[in-house]
Amino acid sequence: MKTMKFFAFVVAACMLLAGCSQSAPQEEGFSIGILQYMEHTSLDEIRTAVEEELQQKATELGKPISVEVKNAQGDPTNIGTIANQFVGDNKDLIIAIATPAAAGAAAVTEEIPIVFSAVTNPVEDLQIDSLEQPGGNITGTSDAIPVEKIINVSQEITPQANCYGILYCTSEPSSSGVVQQAKEVLEQQGKTFVEAAVTNTSEVQQATEKLIEQCDAIFVPIDNTVATAMSVVADLAKDAKIPVYAAADSMVRDGALASAGVNYTNLGKKTAQMAVEILQGANSASMEVQVMEDVNVVVNEDTAKAIGVDVSQYLQ
């Protein structure tokens, strides 16, 4: 009998403790979905910087931040599927990396705040009201680049370059505006150009080979498709002693000769900082789109040596 009483006491105590445990308040955190368009150096760099900055900023929020990362692998269908999943999961905020990802997220929700990153022409491509007052539920960071500065740098490093090959993908919305700017700058400077437009990464090698036969230098805009195959472009150009000038510093790390572009780690950090401001109560509709001003000239010393050009003036 004593054993039964003791057992009943233990059970009651356990139930009491369990009840106390269930009624204890649980700390609620923020849930963020990161939608990345595809995998390549530039976008990976942004995502890494975003994740690191979010975790650092979690202390400011006083709540934990859970982050779910999904990569669409460059597939529009995947973009829609992932964006809808984030909406269905009732994420507190969506971070969309690259223009197609941002456009896909914006198409499925007008309620959940969206912070984009690496969208070159957000007013045109995302149809926001303006950079200063984007309106709606979307804002973010732009990787718009100083095309004229890149061309000027190319002339300082390789002044003998008179004909430029412009390599880009026809389906990349960020490329068209930059390509147009490049053509205008080259015309103003009395240079000629040849365009090589591709539709997917499998065409990049052949397009590069044709440009090498016709041009003195190659210019690559902010283009996810070409960026994915940047090592192929760089290797072919190095073998032919042709300089490649790119619109992103990450492309230089992948073998291009030089760039005067945006630092994608800084871009990712700024994107995360904007996301945290929104989680703290800021209104995305009135949050100005940030265009990065910390543009630096970046060179690849190994590529310079391989093609026999001097980049010492840009080395610190």
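In case you missed it, the structure is sitting above this.
About the thresholds
- Residue numbers here run from 1 along each chain, matching the order of that chain's written sequence.
- Selection of residues for local features in this predicted model requires a pLDDT of at least 70, selection of side-chain atom pairs for listing and counting requires 80 or more, and totals for whole chains, interfaces and linings are taken over all residues.
- Only hydrogens and water are set aside when side-chain values are computed; all heavy atoms of the structure are taken into account.
- Numbering of helices and strands runs from the N terminus, with a helix taken as a DSSP run of H or I at least four residues long and a strand as a DSSP run of E at least two residues long.
- Exposure classes here rest on a 1.4 Å probe applied to the protein chains alone. A residue is buried below 20% of its type maximum, exposed above 50%, and partly exposed in between.
- Pairing between two strands requires that DSSP report at least two bridges joining them.
- Here a crossover is taken to be right-handed if, once the strands point away from the viewer, the path from the first strand over the helix to the second is traced clockwise.
- Only the contacting stretch of a helix is used when fitting its axis, a line to C-alpha atoms as for every element, and angles between N-to-C directions run 0 to 180 degrees.
- Convention used here: angles under 35 degrees read as roughly parallel, angles over 145 as roughly antiparallel, angles from 65 to 115 as roughly perpendicular, and any remaining angle as oblique.
- If you view the pair so one helix is near and one far, a crossing is left-handed when the near helix is turned anticlockwise from the far one by less than a right angle, and right-handed when it is turned clockwise.
- It only takes one pair of heavy atoms within 4.5 Å for two residues to be counted as in contact.
- Note on residue classes: Ala, Val, Leu, Ile, Met, Phe, Trp, Tyr, Cys and Pro are nonpolar, Asp, Glu, Lys and Arg are charged, and everything else, Gly too, is polar.
- The arc in question is traced by the directions running from the helix axis to the C-beta atoms.
- Buried residues of nine kinds, namely Ala, Val, Leu, Ile, Met, Phe, Trp, Tyr and Cys, make up a nonpolar core once their side-chain atoms join them within 4.5 Å.

Side note on the environment of Ser286
1) Next: Here Ser286 is to be found in the loop between helix H12 (264-279) and strand S11 (290-291).
2) Next: With a relative accessible area of 39%, Ser286 lands in the partly exposed category.
3) Next: A C-alpha to C-alpha distance of 30 Å links Ser286 and Pro221, two positions 65 residues apart in sequence.

Some details on the pairing of strand S7 (residues 192-198)
1) Next: In this sheet, S7 lies alongside strand S6 (residues 163-169) in parallel orientation, the contact comprising seven bridges. If you follow Leu167 over to S7, its bridge partner there is Ala196.
2) Next: Between the parallel elements S6 and S7, the chain passes through helix H7 (residues 173-188) in a crossover that is right-handed.

Quick notes on the packing of helix H3 (residues 76-88) against helix H4 (residues 99-108)
1) Next: Where H3 meets H4, the closest approach of the two axes is 9 Å, and the angle between their N-to-C directions is 50°. The angle between H3 and H4 falls in the class oblique. Note that H3 runs across H4; the crossing there is right-handed. In contact with Ile79, Ala83, Asn84 and Val87 of H3, H4 contributes Pro100, Ala101, Gly104, Ala105 and Val108.

With respect to the packing of helix H8 (residues 204-214) against helix H10 (residues 230-239)
Between two packed helices, what matters for the description is the angle formed by their axes and the separation of those axes.
1) Next: It is at 10 Å that the axes of H8 and H10 come closest, and there the two elements cross at 30°. Of the possible angle classes, the one that applies to H8 and H10 is roughly parallel. Crossing of H8 over H10 shows right-handed handedness. The residues of H10 that touch H8, namely those facing Val204, Gln205, Thr208, Glu209 and Ile212, are Val232, Val233, Leu236 and Ala237.
2) Next: Looking at the contact of H8 with H10 residue by residue, the classes come out as six nonpolar, two polar and one charged.

Section: the sheet that holds strand S4 (residues 114-117)
1) Next: As summarised here, the arrangement of the six strands in space is S2-S1-S3-S4-S5-S11, forming an open sheet in which the pairing is parallel. Strands at the two margins of the open sheet, each flanked by one partner only, are strand S2 (65-71) and S11.
2) Next: Bridge analysis of S4 against strand S5 (residues 138-142) gives three bridges, and the strand direction is parallel. Its bridge partner being in S5, Ile114 is matched across the sheet by Ile138.

Section: H10
1) Next: Those residues of H10 that sit buried are Met230, Val233, Ala234 and Ala237. What you see down the axis of H10 is that its buried residues fit within an arc of 95°, all on one side.
2) Next: Where the residues of H10 are buried, they touch S6, H8, helix H9 (224-228), strand S9 (244-248), helix H11 (249-253) and helix H13 (301-307).
3) Next: Immediately downstream of H10, the backbone of Lys241 shows phi near 60°, a positive value.

Thoughts on the sheet that holds strand S10 (residues 258-262)
1) Next: One open sheet holds the six strands; their spatial order is S7-S6-S8-S9-S10-S12, and the pairing between them is mixed. Each edge of the sheet is formed by a strand with only one pairing partner; in this case those strands are S7 and strand S12 (296-299). Taken pair by pair, the neighbouring strands of this sheet meet at an average axis angle of 20°, ignoring direction.
2) Next: Where S9 meets S10, three bridges bridge the pair, whose relative direction is parallel. Looking at S10, one finds that Ala248 is bridged to Val262.

Brief notes about the nonpolar core
1) Next: Leu54, Ile95, Ile157, Leu167 and Leu257 are the most contacted members of the largest nonpolar core, which has 103 residues in total.
2) Next: When residues of this core are assigned to their parent elements, the largest contribution, eight residues, is made by H12.
3) Next: Excluding residues that lie within four positions of it along the chain, Ile95 makes contacts with Ile32, Gly33, Ile34, Leu35, Val50, Leu54, Val115, Thr271 and Ala275.

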